[in-house]
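Chain by chain, the residues:
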Amino acid sequence: MNSLSPISTDLDREDLLEKARVVSEFAWSRRAETERDRRLPDEVIDALRASKLMRLCRHKRWGGPEADPMTFLDVGREIARGSGALGWLFSVLGFHEWYMSFASEELQKEVWGNDLHAMVCDSYAVVGQIDRVADGYVVNGNWRFCSGIEWSSWVAVGGIAVAPDGEHPEHIMFFLPKSECVIIDDWNTMGLRGTASRTVSIQKAFVPNHRAFAMGRIAGPGRSKVTEDGPLWRVPLMTMQGLAILTPSTGLAQRMVDEFTVWTKARVRPYERNAPAKEAPAPQLILAEAATQWDATWALAQKYAQDGWDRAIRGEDWVISDELRAQWFSWRGYIGRSSIELSDQLFTSSGAMALFETHPMQQVFRDIHATGVHIGVDRADAYTSRGRVAMGFQGNSFH
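About the cut-offs
- Residues numbered from 1 in each chain as written.
- Predicted model: local features only at pLDDT ≥ 70, side-chain atom pairs only at ≥ 80, totals over all residues.
- Heavy atoms only, no water.
- Pairing = 2+ DSSP bridges.
- Helix = DSSP H or I, 4+ residues; strand = E, 2+ residues; numbered from the N terminus.
- Axes fitted to C-alpha atoms, helices over the stretch in contact; angles between N-to-C directions.
- Contact = heavy atoms within 4.5 Å.
- Parallel < 35°, antiparallel > 145°, perpendicular 65-115°, else oblique.
- Left-handed = near helix turned anticlockwise from the far one by under 90°.
- Nonpolar A, V, L, I, M, F, W, Y, C, P; charged D, E, K, R; others polar.
- Buried < 20%, exposed > 50% of the residue type's maximum accessible area, 1.4 Å probe, protein only.
- Core = buried A, V, L, I, M, F, W, Y, C linked by side-chain atoms within 4.5 Å.
- Phe/Tyr/Trp six-rings, centres within 6.5 Å; stacked < 30°, edge-to-face > 60°.
- Lys NZ or Arg CZ within 6 Å of the ring centre and 35° of its normal.
- Expected span 1.5 Å × (residues − 1).
- Arc of directions from axis to C-beta.
- Polar contact = N/O pair within 3.5 Å; in protein donor to acceptor, adjacent residues only side chain to side chain.
- Patch = residues over 30% accessible without salt bridge, like charges linked within 9 Å, V, L, I, M, F, W, Y side chains within 5 Å.
- Areas by Shrake-Rupley, 256 points an atom, 1.4 Å probe, with all protein chains shown as cover.
- Salt bridge = Lys/Arg side-chain N within 4 Å of Asp/Glu carboxyl O.

*Asks:* What should I look at first to understand the sheet that holds strand E1 (residues 120-123) in this one?
*Replies:* Backbone-to-backbone hydrogen bonds join strands into a sheet, with any given pair of strands oriented parallel or antiparallel. With mixed pairing, four strands are arranged side by side in an open sheet as E1-E4-E5-E8. The open sheet has two free edges, formed respectively by E1 and strand E8 (212-214), since each of these has just one partner strand. In this sheet, neighbouring strand axes are inclined to one another by 35 degrees on average, regardless of whether the strands run parallel or antiparallel. Both E1 and strand E4 (residues 154-162) contribute to a ladder of four bridges, which runs parallel. In the sheet register, Asp-122 faces E4, and the bridge partner there is Ala-156. Lying over the sheet, helix H5 (residues 84-99) contacts E1, E4, strand E5 (169-177) and E8, oriented at roughly 100 degrees with respect to E1.

*Asks:* Looking at this model, I keep getting lost on the packing of helix H7 (residues 237-266) against helix H10 (residues 360-371). Mind explaining?
*Replies:* For any two helices packed against each other, one specifies the crossing angle of their axes together with the interaxial distance. Contact pair H7 / H10: the axes reach a minimum separation of 9 Å and the direction vectors enclose 155 degrees. It follows from the interaxial angle that H7 and H10 lie roughly antiparallel. By crossing handedness, the relation of H7 to H10 is classed as left-handed. For the pair H7 and H10, contact is made by Pro-248, Ser-249, Leu-252, Ala-253, Arg-255, Met-256, Glu-259, Phe-260 and Trp-263 and by Pro-360, Met-361, Val-364, Phe-365, Asp-367, Ile-368 and Thr-371, respectively. For the contact of H7 with H10, the per-class residue count stands at eleven nonpolar, two polar and three charged.

*Asks:* How should unusual backbone geometry be read in this particular structure?
*Replies:* Peptide bonds are, in most cases, trans, and in most cases residues other than glycine have a negative phi. With phi around 50 degrees, Leu-192 is a residue other than glycine that occupies positive phi space. Inspection of the secondary structure puts Leu-192 in the loop between strand E6 (182-184) and strand E7 (198-208). Its relative accessible area of 5% is what places Leu-192 among the buried residues. In this structure, Lys-204 is a non-glycine residue whose phi angle is positive, near 55 degrees. Counting through the fold element by element, Lys-204 comes out in strand E7.

*Asks:* Got a minute to help me understand the nonpolar core in this structure?
*Replies:* Nonpolar side chains in soluble globular proteins tend to end up buried together. If you look at the biggest cluster of nonpolar residues, it comprises 112 residues, and the most contacted ones within it are Trp-98, Tyr-99, Phe-174 and Phe-175. When residues in this core are grouped by element, the largest group, twelve residues, is from H7. If we ignore the near neighbours within four places in the chain, the residues touching Phe-174 are Ile-130, Tyr-137, Val-139, Val-155, Ala-156, Val-157, Gly-159, Ala-161, Val-207, Arg-211 and Ala-212.

*Asks:* I keep staring at the packing of aromatic side chains and nothing clicks. Help me out?
*Replies:* Think of a pair of aromatic rings as described by two things: how far the centres are apart, and how the planes are tilted against each other in angle. Under the defined criterion, the tally for this structure stands at twelve aromatic pairs. Relative to Phe-174, the ring of Tyr-137 lies with its centre 5.0 Å away and its plane at 65 degrees, an arrangement referred to as edge-to-face. With Tyr-137 in strand E3 (residues 136-146) and Phe-174 in strand E5, this pair connects stretches of sequence that are 37 residues apart. A residue is classified by how much of its surface remains accessible, and Phe-174, at 0% relative accessible area, is buried. Lying over the aromatic face of Trp-28, Arg-31 brings its terminal NZ or CZ to 4.1 Å of the ring centre. If you follow Arg-132 out to its NZ or CZ, it ends over the ring of Tyr-137, 4.3 Å from the centre.

*Asks:* Help me understand the sheet that holds E3 in this model?
*Replies:* Taken in spatial order, the four strands line up as E2-E3-E7-E6 in an open sheet, and their pairing is antiparallel. If you trace the sheet from one side to the other, it starts and ends with strand E2 (129-133) and E6, each paired once. Neighbouring strand axes in the sheet, compared pairwise and without regard to direction, differ in orientation by 15 degrees on average. The pairing of E6 with E7 spans three bridges and is classified as antiparallel. When the sheet's bridge partners are listed, Ile-183 is paired in E7 with Val-200.

*Asks:* Explain helix H11 (residues 379-390) here, please?
*Replies:* For an α-helix, 3.6 residues make a turn, and residues three or four places apart therefore share a direction. In this model, H11 (twelve residues) spans 16 Å end to end at C-alpha, consistent with the 16 Å of a helix rising 1.5 Å per residue. By the burial criterion, the buried members of H11 are Ala-382, Ser-385 and Val-389. Considered in projection along H11, the buried side chains sweep an arc of 65 degrees and stay on one side of the axis. Exposed residues on H11 whose side chains face more than 90 degrees from its buried face are Ala-380 and Ala-390. Turning to H11, the residues buried within the fold contact helix H9 (322-348). The backbone nitrogen of Ala-380 lies 3.2 Å from a side-chain oxygen of the residue at the head of H11, namely Asp-378. Backbone geometry just downstream of H11 places Gly-392 in the positive-phi region, at approximately 90 degrees.

*Asks:* For this particular structure, what's the right way to read a nonpolar patch on the surface?
*Replies:* A contiguous nonpolar patch, built from Met-353, Leu-355 and Phe-356 and spanning about 340 Å² of accessible area, is present on the exposed surface. In this fold, Phe-356 is placed in the loop between H9 and H10.

*Asks:* Please clarify how the pattern of salt bridges should be interpreted in this entry.
*Replies:* Side chains that differ in charge, positive against negative, can pair when their charged atoms come close. One pass over the structure, following the stated rule, counts 31 salt bridges. Of the charged contacts, one joins Glu-105 and Arg-61 as a salt bridge, the two residues approaching to 3.0 Å between their closest N and O atoms. On the criterion of sequence distance, the pair formed by Glu-105 in helix H6 (residues 105-112) and Arg-61 in the loop between helix H3 (42-51) and helix H4 (69-82) is long-range, its members being 44 residues apart. Because the salt bridges share partners, they merge into one network encompassing Arg-13, Glu-14, Glu-18, Arg-21, Asp-68, Asp-74, Arg-77, Glu-78, Arg-81 and Asp-258.

The values reported here are purely geometric and, on their own, carry no functional implication.
See the structure below:
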């Protein structure tokens, strides 16, 4: 362990949220640069690292406080209010901090032994060619959507292979130093531009056995143990993985409500003799409806986090039923779609000036739509799965 001081294990939610607000406001002040360069400024990432908030769900042995899912959600929402891209990186890479505690001790030492600030990005897609060799694997292929690759030291990519201690092919994440990857600058997107979620190309890279992690096992009864057991490591995989995807949309939706409020107070209607827009009944009604929809969305997101934590506290099995799996998936689908719907209503009620790239609502609008295309919050799949389970059929086993 190096001399870097760990984040305090005496968690103070308000202190953490204040740190998040500082980082969030800094990111908001750099939004024009972020959009132009298609990546967050390094200074913003440095501020997030310095806050130590990235370690919220990391094990205490590696400088983390082992924060509960509700704190992770709340801090992530606050960060996303200032930058959808930064909120996305916080929640997605923060989830990696959690699942790394189930990986081999040797791998954890490699990643964090000399740098407690080290980050790991990944791509779950099983699109590469994996060949088993003595003491490890040879990995080849291209993996897209590697969020945070610009600032990560390590990269994990998905593939199908027989685990070092297994007998049958399964979904495995293979960890490599970023220096062994080629980064392809193809992140030209409508939204979440600042995440720099570029493609990585890996050619004939050797991955030793201790860097091969059977990801699916932490969802079932064969789940690995960590050195110091605690409630955070009993939280279902779906809870933590789901929060990584839905958390940014809650913060962005809240920002949309905030910005519509500010913009409507300042806006005038030129075709109505410059009458103040804030005096018109329509914007008042639209704002109230959107704000109430956000209240409901946020309440459900909090329940999502709380239910997973309650299971952990009660010591219930990590494996969740098909009914609960489908229910939680439907909640994520609702949260993701509701965030987009209220954003659409507010944006289309903001007038033509909101069309300009310099208008803050325009960027938030694009970012919130980008969060909604992730498979983990797809409402059609989610609702179909819940309906199938209710009728006695198999739901979507992946979610």
